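An overview of the molecular structure
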Amino acid sequence: MIRNLTTAFLIFLINATPLLAQQPEKPTASQIYHDLQSLNFIGSALYVAAHPDDENTRFISYLANDVHARTAYLSLTRGDGGQNLIGPEIRELLGVIRTQELLAARRTDGGSQMFTRANDFGYSKHPDETLDIWESDEVLSDVVRAIRKFKPDIIINRFDHRTPGKTHGHHTASAMLSYDAFDRVGNEKEFPKSAATFGTWQPTRLFMNTSWRFYGSRENFEKADKTNLFSVETGNYYSDLGLSNGEIASLSRSMHKSQGFGSTGTRGNETEYLEFLKGEFPKEKTNPFSGINTSWSRLKGGEAIGAILNPLEANFDFKDPSTMVEPLMQAYQLISNLEDTHWRAIKLAEIEQLIIDCSGLFVEAVADTQTINNKGKYNTTFEVVNRGAVPFNLQSIRTKDGTDILVPNETLTQNEKFNFKASITSKATSSSAPYWLQEEGTLGMYKVKEPLIGLPETPVQEQVVFYLQYRRMTLPITRDVIYKYNDPVDGEVYQPLEIVPEVSTSIANKVIIFANEDAKQVAVKVRAGRDQVNGLVQLGKPEGWTVNPAQQSFSLTRKGEEQTIIFTVTPPENQSEGYLKPLAIVGDRFYSKELVTLDYDHIPYQSVLLPSKAKVARLNINKKGEQIGYVNGAGDAIPESLRQIGYTVTTIDPENISAEHLNKFDAVVMGIRAYNTIDVLAFKQAELNKYVEQGGTLLVQYNTNHRLKTQDIAPYPLTLSRDRVTDEFSQVDFLAPDHAVLNTPNKISQEDFKGWVQERGLYFPSKWDKNFTPILGMHDKDYPQTEGSLLVTDYGKGHFIYTGLSFFRELPAGVPGAYRLFANLLSIE
């Protein structure tokens, strides 16, 4: 056990721990000093890129903790189109996970988080395609809006706007949009709606955060013209935190767990480079804020504030920060009168927290339930403890709209605990689920209304305000109402108080395959969001399908109780697909959403509302074999998809892989990125090859060429690459039209490649042994043909198949042709 962790280091870990994400901060004197330094810096920086994990956490941490600038990361998307190394969630649910990972990263490195409405629709090879799908004017308006709202002095792009087609199209597009927005944000005629809301703004300068990698090699970088290049030392050690900047950056980077970005901390000198792109050229090449007034004198009336606060920083009392409360309250009054409404709001929030921290005040509002309904009632316990010696009086506790909940008018005696209880009726009119998923958007854009655009998550609706009096001054302290409980292992666990519908419905199997005309029993689960709820449930169906009975009743006694209702669904004679959509009716209210919970240790507990539905498909599909062995990789839902078409799927422990153990299976499937994530596979390939040699079929799904556990992933040599086809509508050529995998037991045609989602496939092999037969050819527009998406070879008595086709997306999406082709691969003889 490591016993010499500094207190400040522990604070960083606690603040980044999701179980404590709603817990009141309990900073040390060193952290308070650090926050005072940030209070005294009047300047902002905005970092811009495309996805979660694109951001340079070293530079964000440097800006927030070294410069003490107000720092935000504008991620254009939420990363919905990525892969998931920690679970089966993809698309919208993955976007929720990655959003929370970004927020955890910002809690760690000191930044804040912003977004646009752009949807990560998957890999794009060119920004032209990206901007077309994103509806470029709409995303540009969001970028302009973000800049006007945040009002940064400097903007830093992660990517180069001048290199279209050389990297991910989203990356280049993010830089192009930022570069364009820089010249528009100061013009009130450009995107007038956000100009009217936030005013116009003109950042001082625009940079790109470059490195030798953008030049192709270190040698090229050394030779490059550095006239517009600035070097910034980002490896500094923060004695008040007990951490080097590189250590904070690695802790932040490691929050991107779904992408496998765990990072080891670094210490010592580290240099980052900025290329000047636009605006006012800095006088100093080591200070991105050079020439910008970042002191209190920047603001009208600010010099008097600085005269109070700067000496507090210079003469900080680490033994007793409470000695600063009197001057902080004086500064608080002056800040309240600032004419600059932008900085007034920001600095009021910062100094309020400093006063609370210096005073040792503990203020909390805890509900007796984790979920409520719109306009529902809940009981709340208010805890107030003045742990310091500063005299405060608790005047009242009110709702955000100013309605009194309690009027204690109590003098807060030092270290005496005050508990008050009251019942609150929520005034919420919508759920607390992720707001960007409430309405159906387009392929490239979420549908979001003002004023929610750009917010990282749904604003907390249940808040209370504690009004404390210090002498003749009043200090309002706003707190989210939270829920907490004691866990036998983790101890005190905090969760958000969430607003959920009184009824939600779900169908467990999101894809239901009908291989013939036989009817199937479909279970609809109805869940109560409150006590004593009853009503009716119906099951919407596609045209040509029948559902019996038409509707059924449900009755639920307690919140959280579930009732399963069975409907009989009969498909049409011919091939057909569509959706079953449950609808619950309670009085005159209709409910059509499914409540999905995400419970991972590294992010706060999430309740997500999605349209309640299941795809149904009547397929003409045949298969051979029954028993399939599956080695789980980085997380996918293919085993359940295979069960849908009648296979018996058994999960194989990688430690137990042996030819003898595998011989009972008609085929063995390796999950996505298995060779990237399972260490023991470095020693098991010989047994897998032996299984094939003895007559088995081994199907290996895609892996990346980065961090392979072994290069021997097949019985014959093949080389993985970054080749991919991102256009899900791209033409597919049959290179071996007579091969069994295209003909038996299902005859594959061009129809089978219609309706695919997000992409054709990824990380195709670029080289392979002559024993392999390439089956399919495909390419994106203006790119050369790739032939490595599906490779098949005989080996001994059996068959080995390698495929980069994105079955992990297509099967859970219910794509008929993907099922038919996958069945053929498993049925090869």
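Residues numbered from 1 in each chain as written. Predicted model: local features only at pLDDT ≥ 70, side-chain atom pairs only at ≥ 80, totals over all residues. Heavy atoms only, no water.

What follows is about the pattern of salt bridges. Where charged atoms from two side chains of opposite charge approach closely, those side chains can pair. Scanning the model with the defined rule gives 39 salt bridges in all. Measuring nitrogen to oxygen at the nearest pair gives 2.6 Å for the salt bridge that ties D109 to R106. Taken together, the positions of D109 and R106, both in helix 4 (residues 91–109) and three residues apart, correspond to about one turn of that helix. Neither D109 nor R106 differs from the other in exposure class; each is buried. Note that K484 and E492 form a salt bridge whose closest N and O atoms lie 2.8 Å from each other. The exposure class of E492 is partly exposed, given its relative accessible area of 34%. The network of salt bridges with shared partners includes E502, R530, D588 and R589. (Salt bridge = Lys/Arg side-chain N within 4 Å of Asp/Glu carboxyl O. Helix = DSSP H or I, 4+ residues; strand = E, 2+ residues; numbered from the N terminus. Buried < 20%, exposed > 50% of the residue type's maximum accessible area, 1.4 Å probe, protein only.)

With that settled, the discussion passes to the sheet that holds strand 35 (residues 667–670). Pairing is mixed in the open sheet, where seven strands are placed in the order 34-33-35-36-43-42-40. Whereas interior strands pair on both sides, the edge strands pair on one side only; in this sheet they are strand 34 (648–651) and strand 40 (773–774). Direction of pairing for strand 40 relative to strand 42 (residues 790–795): antiparallel, over a ladder of two bridges. Counterpart to P774 in the pairing with strand 42 is L791. The sheet strands contacting helix 17 (residues 685–693) are strand 35, strand 36 (697–700), strand 42 and strand 43 (798–803), and the helix crosses strand 36 at an angle near 135 degrees. Against the sheet, helix 19 (residues 816–827) makes contact with strand 33 (627–631), strand 35, strand 36, strand 42 and strand 43, and its axis sits at roughly 140 degrees relative to strand 36, the strand it touches most. (Pairing = 2+ DSSP bridges. Contact = heavy atoms within 4.5 Å. Axes fitted to C-alpha atoms, helices over the stretch in contact; angles between N-to-C directions.)

What follows covers unusual backbone geometry. Between E450 and the following residue, P451, the backbone shows a cis peptide bond with an omega angle of 0 degrees. Among the secondary structure elements, P451 is positioned in the loop between strand 16 (417–425) and strand 17 (463–470). The omega angle of the peptide bond from T744 to P745 is -5 degrees, so this bond is cis rather than trans. Relative to the elements of secondary structure, P745 occurs in the loop between strand 38 (732–734) and strand 39 (761–768). A positive phi angle, close to 85 degrees, is found at D53, a residue other than glycine. Relative to the assigned elements, D53 resides in the loop between strand 1 (44–49) and helix 3 (57–67). Even without being a glycine, R91 presents a positive backbone phi close to 50 degrees. Along the chain, R91 turns up in helix 4.

Let us look at the sheet that holds strand 27 (residues 562–570). If you trace the four strands from one edge of the open sheet to the other, you get 21-23-27-25, paired in antiparallel fashion. Of all the strands in the sheet, the pair left with one neighbour each is strand 21 (503–507) and strand 25 (546–548). With direction set aside, neighbouring strand axes in the sheet form an average angle of 30 degrees. Relative to strand 23 (residues 520–528), strand 21 runs antiparallel, the two sharing five bridges. Counterpart to I507 in the pairing with strand 23 is V524.

So, about the side chain of R205. Within the secondary structure layout, R205 lies in strand 5 (residues 205–210). Since its relative accessible area comes to 0%, R205 is described here as buried. At 2.7 Å, the side chain of R205 forms a polar contact with the backbone oxygen of P288. Within the structure, the side chain of R205 is placed 2.9 Å from the backbone oxygen of S290, a separation counted as a polar contact. (Polar contact = N/O pair within 3.5 Å; in protein donor to acceptor, adjacent residues only side chain to side chain.)

Averaged over every residue, the pLDDT of the chain is 93; residues scoring 70 or more account for 97%. A low-confidence stretch, residues 1–20 (pLDDT under 50), is modelled with 34 contacts involving residues beyond four sequence positions or located in other chains. (pLDDT = per-residue confidence, 0-100.)

Turning our attention to the pairing of strand 21. The side chains of a regular strand alternate between both faces of the sheet. With respect to burial, strand 21 is a largely interior element, five of its five residues being buried. The side-chain alternation of strand 21 yields two buried faces, one formed by V503, T505 and I507 and the other by S504 and S506.

The biggest cluster of nonpolar side chains holds 58 residues, and the ones touching the most others in it are L309, F382, F392 and F466. The element that contributes the greatest number of residues to this core is helix 13 (residues 341–359), accounting for eight residues. Excluding residues within four positions of it along the chain, L309 makes contact with L39, N40, W296, L328, A331 and I351. (Core = buried A, V, L, I, M, F, W, Y, C linked by side-chain atoms within 4.5 Å.)

Looking now at the environment of A367. Relative to the helices and strands, A367 is located in strand 10 (residues 361–367). The exposure class assigned to A367 is buried, which follows from its relative accessible area of 3%. Between the C-alpha atoms of A367 and I482, which are 115 residues apart in sequence, the distance is 5.9 Å. Setting aside residues no more than four positions away along its own chain, A367 makes contact with Y378, N379, T380, V481, I482, Y483 and L497.

Take the pairing of strand 43 next. Burial of strand 43 is extensive: six of the six residues sit out of reach of the surface. Of the two faces of strand 43, the one holding G798, F800 and Y802 and the one holding H799, I801 and T803 are both buried throughout. In the sheet, strand 42 pairs with strand 43 via six bridges, with the strands oriented antiparallel. Residue pairing across strands places L790 opposite T803, the latter belonging to strand 43. Connecting strand 42 to the antiparallel partner strand 43 that follows it, the hairpin turn spans two residues, and G796 within it adopts a positive phi of roughly 65 degrees.

The subject of this paragraph is the packing of aromatic side chains. Throughout the structure, instances matching the rule amount to 27 aromatic pairs. Measuring from ring centre to ring centre gives 5.3 Å for F230 and F281, while their planes differ by 50 degrees; the resulting arrangement is tilted. Of the two residues, F230 sits in strand 6 (residues 229–233) while F281 sits in the loop between strand 9 (271–279) and helix 11 (302–314), which places them 51 residues apart along the sequence. Judged by relative accessible area, F230 falls into the buried class, the value being 3%. Looking at F281, the relative accessible area reads 37%, which means it is partly exposed. Between the aromatic rings of Y716 and F772, the centroid separation amounts to 6.2 Å while the plane-to-plane angle is 90 degrees, which identifies the pairing as edge-to-face. (Phe/Tyr/Trp six-rings, centres within 6.5 Å; stacked < 30°, edge-to-face > 60°.)

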